[in-house]
Amino acid sequence: RVSNFSFYLLCEAHDVLDFMTQANRTMEKSSSETSSRKRPLSSESLPKELESIDFSQRISWRNNLAIIGEGVRPEFRKESPALCHHVNALCGEARACTIHLPHGRVETPVFMPVGTKGTLKGLVFEEVSQDPALQNQIILANTYHMELQPSTTLLRDMNGLHDFMNWNSNILTDSGGFQMVSLLKLAEICEEGVTFESPFSEGKRILLRPEDSIKHQINIGSDIMMALDDVVSSVTEDVSRFREATHRTLRWLDRCLSVHSNREKQNLFAIVQGGLDTSIGGLREQCLAGFRIRDDDIPGYAIGGLAGGESKDEFWRVVHQCCQALPNDKPRYCMGVGYPLDLVVCTALGVDMYDCVYPTRTARFGVALVDSGILKLKSHECSKDKTVIEDGCECQACRYGISKSRLNGWLKSNNTLGAQLITNHNLVYMKRLTANMRKAIKDNDYPNFCRLFIKKQFPVENPPQWVRDALHAVDIEV
């Protein structure tokens with residue numbers, strides 16, 4: 001028999017011993033994992049084309065970069081007949097570029113509004129094409145959704161999406177790969193391609209192969225097509241699935257390239273996959289190494305597989321790794337990224353292009369983007385506020401003096417005019433943000449721009465650690 005106090009001490013000692021045992025096991029496991037990362041990769045785990053690659057050092061293939069002033073006429077090369085990329089200014093890793101495409105130039109950094117089915121929800125055509133505060137040089141459409149309705153065959157017969165929607169600027173089309181994540185419950189993925197269950201016809205199944213994706217995008221007539229990649233949710237824990245998807249993305253890229261029959265007018269970008277594995281010789285490195293072999297056939301690159309629920313610390317490290325590796329004379333596109341803070345940080349890391357539904361989707365919930373963060377226009381505080389969303393803003397609501405109170409009333413009564421005006425505001429905000437970022441890069445003042453932007457977003461508290469770490473990686477202290 002022992003006293004209650006003695007029994008308590010015995011339990012405490014047991015708990016401490018158990019904790020120390022678990023800690024030792026964790027340290028041993030971590031040491032083992034670290035050692036395994038340092039060991040040369042087994043050739044059995046690599047595609048044959050990568051077996052001779054030296055993965056003891058970081059993958060990178062940067063070229064000698066010439067700074068070319070704005071207004072210089074593009075010179076299209078034989079290997080890139082539909083894209084000419086000029087870097088106009090550098091500030092650290094941040095870049096101000098001009099991408100010359102078949103339907104005009106695109107100045108970067110650029111945010112591409114998402115018009116999934118060839119329209120931007122909440123905006124009429126005149127706003128998209130004629131509003132001086134918007135004047136978007138490129139928008140995004142989605143291959144999977146366009147094939148479902150109205151069908152890319154119809155678009156081909158209508159002389160492409162540009163004529164179909166009367167759009168004279170550039171279009172980028174996603175390949176349909178993202179739907180492997182967003183519509184996973186409706187999808188089956190194998191080496192041949194991905195099979196979706198039709199959301200409109202019960203029992204109907206749609207096979208999307210790499211060759212099909214390119215055929216659909218050629219029918220659409222987009223200026224930039226994306227290769228069909230094998231996309232895995234970034235929060236998946238199945239390492240073997242990530243490995244399969246990374247290596248399959250290389251094989252599918254070859255299949256996309258083999259049927260790309262319109263190189264004179266359309267560009268095909270590759271998408272870097274590899275999950276969150278940024279280790280030396282890891283999956284991201286393997287995908288990058290495969291792309292380096294194919295670089296002559298790739299006019300631009302995208303960073304994929306992110307913005308799916310991973311931590312921000314993991315997110316920025318993947319972006320940083322890819323920007324450090326990818327060639328510095330070609331466009332870099334970070335897919336699915338649209339939070340203003342993310343754009344500011346990722347541009348500092350070296351990204352040029354972005355897209356996301358966030359600005360338009362959040363507008364339909366009554367949320368406006370402002371320099372200090374977000375403004376919830378449905379809130380009680382806005383119900384009697386006579387001021388506009390943001391002074392100096394050129395959006396329709398601010399330009400014509402429509403108050404927060406008026407917008408609040410429309411939103412609460414479900415009047416669609418409120419959501420339409422906030423959508424216009426949010427896209428104007430994103431356009432202004434990227435224009436100011438470009439100016440700061442050209443003025444060699446981007447670090448100070450970052451500090452001022454972050455100070456407005458976090459006027460009292462310190463910015464998140466991931467923001468400080470990411471900017472520190474490119475020598476910007478906040």
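Fair warning: this is a prediction, and the values are worked out from it, not measured in the lab.

Counting residues in each nonpolar core, the largest one holds 112 residues, and the members touching the most others are Phe291, Val319, Leu377, Ile389 and Tyr446. Looking at this core element by element, the count peaks at ten residues for helix α15 (residues 416–442). Excluding residues that lie within four positions of it along the chain, Ile389 makes contacts with Ala368, Val370, Leu375, Leu377, Ala397, Cys398, Lys404, Leu407 and His425. With 18 residues, the next largest nonpolar core counts Leu83, Ile99, Leu172 and Met226 among its residues.

It is worth spelling out the packing of aromatic side chains at this point. For any pair of aromatic rings, geometry is given as the distance between the ring centres together with the angle between the planes. One pass over the full model with this rule turns up seven aromatic pairs. Here Tyr144 and Phe196 contribute two aromatic rings whose centre-to-centre distance is 4.7 Å and whose plane-to-plane angle is 55 degrees, an arrangement assigned as tilted. Placement of Tyr144 in helix α3 (residues 143–148) and of Phe196 in strand β8 (residues 194–197) is noted, with a sequence separation of 52 residues between them. Here Tyr144 and Phe196 have matching classes, each one buried.

Note: strands within a sheet are paired through backbone hydrogen bonds, in either parallel or antiparallel orientation. The sheet built from eight strands is open, its strands ordered β4-β14-β13-β12-β11-β10-β6-β5 with parallel pairing. Each having just a single partner strand, β4 (110–112) and β5 (138–142) make up the two edges of the open sheet. Within the sheet, the average angular offset between the axes of one strand and its neighbour, ignoring direction, is 25 degrees. Note that strand β10 (residues 224–226) and strand β11 (residues 267–272) share three bridges and pair parallel.

Along helix α17 (residues 465–472), the residues classified as buried are Trp466, Val467, Ala470 and Leu471. Buried residues of α17, viewed axially, fall in a sector of 125 degrees; they line one side. Looking at the packing, one finds that the buried side of α17 touches α10 (312–325), α11 (340–349) and α16 (446–457).

For Asn267, the position within the fold is in strand β11. What Asn267 contacts, discounting residues up to four positions off in sequence, is Ala82, Leu83, Leu101, Pro102, Asp223, Ile224, Met225, His260 and Pro299.

Attention now moves to a nonpolar patch on the surface. Taken together, Leu65, Ile67 and Leu90 make up a surface patch of nonpolar side chains, about 230 Å² in accessible area. Position of Ile67 among the secondary structure elements: in the loop between α1 (4–38) and β1 (84–91). Assessed through its relative accessible area of 47%, Ile67 is described here as partly exposed.

Turning our attention to the sheet that holds strand β2 (residues 94–101). Taken in spatial order, the three strands line up as β1-β2-β3 in an open sheet, and their pairing is antiparallel. Looking at strand neighbours, the two that pair on one side only are β1 and β3 (104–107), the edges of this open sheet. Mean inter-strand twist for the sheet, computed between neighbouring axes without regard to direction, equals 15 degrees. Of the strand pairs in this sheet, β2 and β3 are connected by four bridges, and their pairing is antiparallel. Considered in β3, the bridge of Leu101 is made with Gly104. The sheet strands contacting α15 are β1, β2 and β3, and the helix crosses β2 at an angle near 115 degrees.

Below, the discussion takes up a positive patch on the surface. On the surface, a cluster of positive charge is contributed by Lys117, Lys121, Arg361 and Arg364. Mapped onto the elements, Arg361 comes out in helix α12 (residues 358–363).

Next up on the list: the pairing of strand β15 (residues 367–370). Residues Val367 and Leu369 of β15 are buried on one face, and the alternating residues Ala368 and Val370, pointing to the opposite face, are buried as well. The pairing of β15 with strand β16 (residues 373–376) spans four bridges and is classified as antiparallel. If you follow Ala368 over to β16, its bridge partner there is Leu375. Counted between consecutive antiparallel strands, the loop separating β15 from β16 contains two residues.

Definitions and limits used
- Residues numbered from 1 in each chain as written.
- Predicted model: local features only at pLDDT ≥ 70, side-chain atom pairs only at ≥ 80, totals over all residues.
- Heavy atoms only, no water.
- Core = buried A, V, L, I, M, F, W, Y, C linked by side-chain atoms within 4.5 Å.
- Buried < 20%, exposed > 50% of the residue type's maximum accessible area, 1.4 Å probe, protein only.
- Helix = DSSP H or I, 4+ residues; strand = E, 2+ residues; numbered from the N terminus.
- Contact = heavy atoms within 4.5 Å.
- Phe/Tyr/Trp six-rings, centres within 6.5 Å; stacked < 30°, edge-to-face > 60°.
- Pairing = 2+ DSSP bridges.
- Axes fitted to C-alpha atoms, helices over the stretch in contact; angles between N-to-C directions.
- Arc of directions from axis to C-beta.
- Patch = residues over 30% accessible without salt bridge, like charges linked within 9 Å, V, L, I, M, F, W, Y side chains within 5 Å.
- Areas by Shrake-Rupley, 256 points an atom, 1.4 Å probe, with all protein chains shown as cover.
- Salt bridge = Lys/Arg side-chain N within 4 Å of Asp/Glu carboxyl O.
- Lys, Arg positive; Asp, Glu negative; His and termini not counted.
- Charge placed at Lys NZ, Arg CZ, Asp CG, Glu CD.

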